Amino acid sequence: MEQKEKVSIIIPVYNVEKYIKRCIDSVIEQTYSNIEILLIDDGSSDLSGKICNDYLKKENRIKVFHKNNGGLSDARNFGIEKATGEYYSFIDSDDKVDKDFIKILIENLKTSEADISCCKMKKFTNEIDTIKLENKINTFTGHEALKNMLYQQNIDSSVCNKIFKKCIFKNIRFPVGKYFEDLGTTYKLLYNSNKVVVSNSELYFYYQRESSIIHKKNEKRIDDLQYNLNEIEKYINSNSKNLDLKKAFLARKIDANFYIHRESQKKLTREISKNYIYAMKKAVLSDNNISKKTRTALILSSFGIDFVDFLYRLKKS
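Along each chain, numbering runs from 1 in the same order as the chain's sequence is written. Under the rules for a predicted model, residues below a pLDDT of 70 receive no local features and side-chain atom pairs below 80 are neither given nor counted, while totals for whole chains, interfaces and linings still include all residues. In computing side-chain values, all of the structure's heavy atoms are included and hydrogens and water are not.

**Description of the overall build of the chain**
What counts as a helix is a DSSP run of H or I of at least four residues, what counts as a strand is a run of E of at least two, and both are numbered from the N terminus. Across its full length, the chain holds 11 helices and nine strands. For the chain, the C-alpha radius of gyration of 20 Å lies close to 20 Å, the compact-globule estimate for 317 residues. C-alpha atoms of the chain, sized along the principal axes, occupy 60 × 40 × 35 Å. Only protein chains enter the accessibility calculation, which uses a 1.4 Å probe. A residue is then buried if its area is under 20% of the maximum for its type, exposed if over 50%, and partly exposed in between. Looking at the chain residue by residue over its 317 residues, the buried ones come to 52%. Contacts were defined at the residue level, with two residues in contact if any of their heavy atoms lie within 4.5 Å. Counted over contacts in the chain with a minimum sequence separation of 6, partners at least 24 positions apart contribute 80%. Carbon and sulfur atoms make up 49% of the accessible area of the chain, which amounts to about 15,300 Å² in all. With 55 positive and 43 negative side-chain charges, the chain shows a spacing of 4 Å between the two charge centroids. Note that the radius of gyration is over C-alpha atoms, with the globule rule given as 2.2 Å times the number of residues to the power 0.38. Only the protein chains shown count as cover for residues, with accessible areas throughout obtained via the Shrake-Rupley method and a probe of 1.4 Å. In summary, the charge assignment counts Lys and Arg as positive and Asp and Glu as negative, without counting His or the chain termini. Where a charge lies is defined by one atom per residue type, namely NZ (Lys), CZ (Arg), CG (Asp) and CD (Glu).

**Notes on a positive patch on the surface**
On the surface, K123, K292, K315 and K316 cluster together into a positively charged patch. With respect to the helices and strands, K315 occurs in helix α11 (residues 305–316). What goes into a patch is any residue over 30% in relative accessible area without a salt bridge, connected to like charges within 9 Å or, for nonpolar side chains (Val, Leu, Ile, Met, Phe, Trp, Tyr), within 5 Å. Whenever Lys or Arg places a side-chain nitrogen within 4 Å of a carboxyl oxygen from Asp or Glu, that contact is recorded as a salt bridge.

**Concerning a nonpolar patch on the surface**
On the surface, F303, F307, F310 and L314 cluster together into a nonpolar patch covering about 440 Å² of accessible area. Mapped onto the secondary structure, L314 falls in helix α11.

**With respect to the environment of D115**
Among the structural elements, D115 can be located in the loop between α4 (101–112) and β6 (116–124). Considering only alpha carbons, one finds D115 and C167, 52 residues apart in sequence, at a separation of 8.6 Å. The contact partners of D115, leaving out residues within four places of it in the chain, are L109, I163, F164, K165, I168, S193, N194 and K195. For the purposes of these results, a polar contact is taken to be a pair of N or O atoms within 3.5 Å, where, inside protein, one atom must be able to donate a hydrogen and its partner to accept one; residues adjacent in sequence count only when each atom of the pair is a side-chain atom. There is a polar contact of 2.7 Å between the side chain of D115 and the backbone nitrogen of N194.

**Re the side chain of S93**
Note that S93 resides in the loop between β4 (87–90) and β5 (96–97). Among the polar contacts listed, one links the side chain of S93 to the backbone oxygen of P12, at a separation of 3.2 Å. Aside from chain neighbours lying at most four places away, what touches S93 is I11, P12, V13, Y14, V16, Y19, I20 and C23.

**Overview of the pattern of salt bridges**
For the structure shown, the criterion picks out 23 salt bridges. A salt bridge links E36 to K63, with the nearest nitrogen and oxygen atoms 2.8 Å apart. Of the two residues, E36 sits in strand β2 (residues 35–42) while K63 sits in strand β3 (residues 62–67), which places them 27 residues apart along the sequence. A relative accessible area of 30% means that K63 is categorised as partly exposed. Between K293 and D255 there is a salt bridge, and its shortest N-O distance comes to 3.5 Å. One end of the pair, K293, is in helix α10 (residues 292–300); the other, D255, is in helix α8 (residues 243–263), with 38 residues separating them in the sequence.

**Overview of helix α5 (residues 142–150)**
Turning to α5, its buried residues number three or more, namely G142, A145, L146, N148, M149 and L150. Contacts from the buried residues of α5 go to β7 (137–140), α6 (183–191), β9 (196–207), α7 (219–239) and α8. Positive backbone phi, approximately 60°, marks Q152, located one or two places after α5.

**Let's talk about the environment of I137**
For I137, the location among the structural elements is in strand β7. Look past the residues within four positions of I137 in its chain and what remains in contact with it is N108, S112, V197, V198 and S199.

**Quick notes on the packing of helix α9 (residues 267–285) against α10**
Helix axes use the C-alpha atoms of the stretch in contact, all axes being lines fitted to C-alpha atoms, and the angles between their N-to-C directions lie in the range 0 to 180 degrees. Two elements in contact, α9 and α10, have axes separated by 10 Å at closest approach and are oriented at 130°. It follows that α9 is oblique to α10 by the angle criterion. Seen from above, α9 lies across α10 with left-handed handedness. Counting all contacts with α9, which are made through I277, K281, V284 and L285, the residues of α10 involved are T294, R295, L298 and I299. In these notes the angle categories are as follows: under 35 degrees is roughly parallel, over 145 is roughly antiparallel, 65 to 115 is roughly perpendicular, and the rest is oblique. Rotating anticlockwise by less than a right angle from the far helix to the near helix defines a left-handed crossing, while the corresponding clockwise rotation defines a right-handed one.

**Side note on unusual backbone geometry**
The backbone of E113 shows a phi angle near 55°, a positive value even though the residue is not glycine. Relative to the elements of secondary structure, E113 occurs in the loop between α4 and β6.

**Focus on the environment of T269**
Assignment of secondary structure puts T269 in helix α9. T269 sits in the buried class, given a relative accessible area of 16%. Between the alpha carbons of T269 and I222 there is a distance of 9.1 Å; along the sequence they are 47 residues apart. When neighbours within four sequence positions are excluded, T269 is seen to be in contact with I222, Q226, I260 and S264.

And the structure:
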């Protein structure tokens, strides 16, 4: 494949000295070579910044930027401003990618004339073998892709397992200071795309570590999830008369309220989530597109939301 277009790979780096080499090595080894690798050191207090500088000396496609800590969204936004490629890829610094990650996503994007190209993610806690599958692809319009994401089908809200045309980010940036920053961004990117292509190949490897942000419980996470849900709802209501999108959002919101009820330590917040679930239960159950997980949770809620919480924790233990 001719590699004319440059891909900017933006990697925010913050206190990941144990993992960053694995991530950078997997990016350097890409079979699609026309890339620039932007390492955004977001005020690390460990050796992460030094490790980035060491790679700068031996790989001419790497650019290193050191900035004051502003969080993941701020680092990604900084990377977007510094990127010079025609396409953007975002990789988290404790993850890794298959050597054909960029190559396959770009090929699928160009063949399908899409604006966004996606692959499957695989979670891991230890070193794993890469898996490719057959690279079977499906294509969606932007509206269809957003609907698919809201129903939590084969498009997820992560930006890490995707490649984007630069133009899609023209007026879109990540919400600074917010958790669930991907959820708060991807819906706009999908909606504004003419076409989205999705591969079944597992090319992105998502490292699950106990100390990561996603495992830390706090009420700000709950507040930010509710904020992003409200923003999505306002966006859909303002930009689309498509009732299917509104039904899909309802399914995503009720699923989020199960999470909010399970994770919040505030009695009032839990009570509001419980009341919302019961109020919308009948409407959501009548939707044949909801996920098996959501349908099961709604049916089991007849025994109480606390019972659903208990079963979830039992399954995770």
